[in-house]
Amino acid sequence: GGGRRGRAPPPGPLGAASTAAAGGARGGGRGRGPAGVCAGWRGGAARRRPRAPPPPAPPPPPRRAPAPPELRFAPLRRAWSSAASGWALALSLVGLVLYVWAEDALGTRLEIHHRLRVAAGLDRQGILGFTDAVRGATGAAVLLIALLIGAHMLTRVLLRQGTTRLGVRAYAVGAALVDLLLGYVFVIASLFGLLVVRAGADGATATATEPPFGQEPWGAAGLLLPYGLAGAWLAVRAAWRLGRAVLGGTVAMPFTPAPAVPAGYGR
């Protein structure tokens, strides 16, 4: 038994096969045979192969396009308030203040004068009702002083900054209403001035001991007479403009901002 263990394998094909098998067994599966060499080469190649790059990140979502700028409009000149210009505002305020002063200083005396004339048979009874009517617009005159100043400032703002088309139409309607009221008050003020001038020219009645207005400067009320014509024209124009603004006529134009002024230069 011991001599047979140390004997070399017989030569020939059988011996070569047994030698290869024995070599593979002695290698302990570490690939010293042909199959092990191939497996080792594949493993090394796999270890040396670079890793595939990561997939690219998804593109960011597209940005939303900026909203188009809002169209702005300015009122057409034929839709402006009568107080848009400074000189027109000044003339209107002078007439309103003069009417309020005249009614406060001369109104009561004018009524007394007419009552005396009616009692003396010099005037008809209807003059008293007419006198009350022309004295009753002072509240509207005081309101108009504030409204005209506001209309002047609002017109300047709209011409500098613009607004929406609906805003321009609302402005046109409001301006026409204010001008309509202004025309009415101017007509009433003119009639009041006419009555004051007439009473001052008549002088004292037979039952009065002094002139109807005493030492008051009643002649200043005559300055109200031209406002009657201006008031009639304002009322007609305002009624036409109001109808156009309410019925959908053109009252706005595209707003064009003023060019920027370089630093150091005045307008």
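Conventions we followed
- Residues numbered from 1 in each chain as written.
- Predicted model: local features only at pLDDT ≥ 70, side-chain atom pairs only at ≥ 80, totals over all residues.
- Heavy atoms only, no water.
- Phe/Tyr/Trp six-rings, centres within 6.5 Å; stacked < 30°, edge-to-face > 60°.
- Helix = DSSP H or I, 4+ residues; strand = E, 2+ residues; numbered from the N terminus.
- Buried < 20%, exposed > 50% of the residue type's maximum accessible area, 1.4 Å probe, protein only.
- 1 Å grid on protein atoms, 1.4 Å probe; cavity = no way out; pocket = protein on both sides within 12 Å on 5 of 7 lines; lining within 4 Å.
- Points joined across faces, edges and corners; volume = space filled by probe spheres on them.
- Nonpolar A, V, L, I, M, F, W, Y, C, P; charged D, E, K, R; others polar.
- Salt bridge = Lys/Arg side-chain N within 4 Å of Asp/Glu carboxyl O.

Trainee: Help me understand the packing of aromatic side chains, please; the structure alone is not making it clear to me.
Mentor: The relation between two aromatic rings is expressed through the spacing of the ring centres and the mutual angle of the planes. Within the structure shown, the criterion is met by two aromatic pairs. With a centroid separation of 5.9 Å and 80° between ring planes, the pair formed by tyrosine 99 and phenylalanine 192 is classed as edge-to-face. One end of the pair, tyrosine 99, is in helix α4 (residues 86-119); the other, phenylalanine 192, is in helix α7 (residues 165-202), with 93 residues separating them in the sequence. In terms of burial, tyrosine 99 and phenylalanine 192 fall into one category: buried. Taking 4.9 Å as the distance between ring centres and 55° as the angle between the ring planes, the aromatic pair formed by phenylalanine 186 and tyrosine 227 counts as tilted. Here phenylalanine 186, found in helix α7, pairs with tyrosine 227, found in helix α8 (residues 226-246); they are 41 residues apart in sequence, far enough to count as distant. For phenylalanine 186, a relative accessible area of 3% translates into the label buried.

Trainee: Just checking my understanding: could you explain the layout of surface pockets for this structure?
Mentor: Over the atoms, a rolling probe the size of a water molecule traces out where space has been left empty. Roughly 420 Å³ of internal volume is contained in the largest pocket. Ser82, Trp87, Ala88, Trp233 and Arg237 are the residues nearest the centre of the largest pocket, which is lined by 19 residues in total. Those elements that provide at least two residues to the lining of the largest pocket are α4, α7 and α8. Looking at the lining of the largest pocket element by element, the count peaks at seven residues for α8. Along the lines of polarity and charge, the residues of the lining of the largest pocket split into 12 nonpolar, four polar and three charged.

Trainee: Looking at this structure, I do not really get the pattern of salt bridges. What am I missing?
Mentor: Any two side chains of opposite charge can pair if their charged atoms end up close together. Taken as a whole and judged by the stated rule, the model has two salt bridges. A salt bridge links arginine 115 to glutamate 111, with the shortest nitrogen-to-oxygen separation between them at 3.1 Å. Of this pair, arginine 115 and glutamate 111 both sit in helix α4, four residues apart, roughly one helical turn. Taking the relative accessible area as the measure of exposure, arginine 115 reaches 44% and is therefore partly exposed.

Bear in mind that shape data such as this cannot, by itself, settle questions of function.
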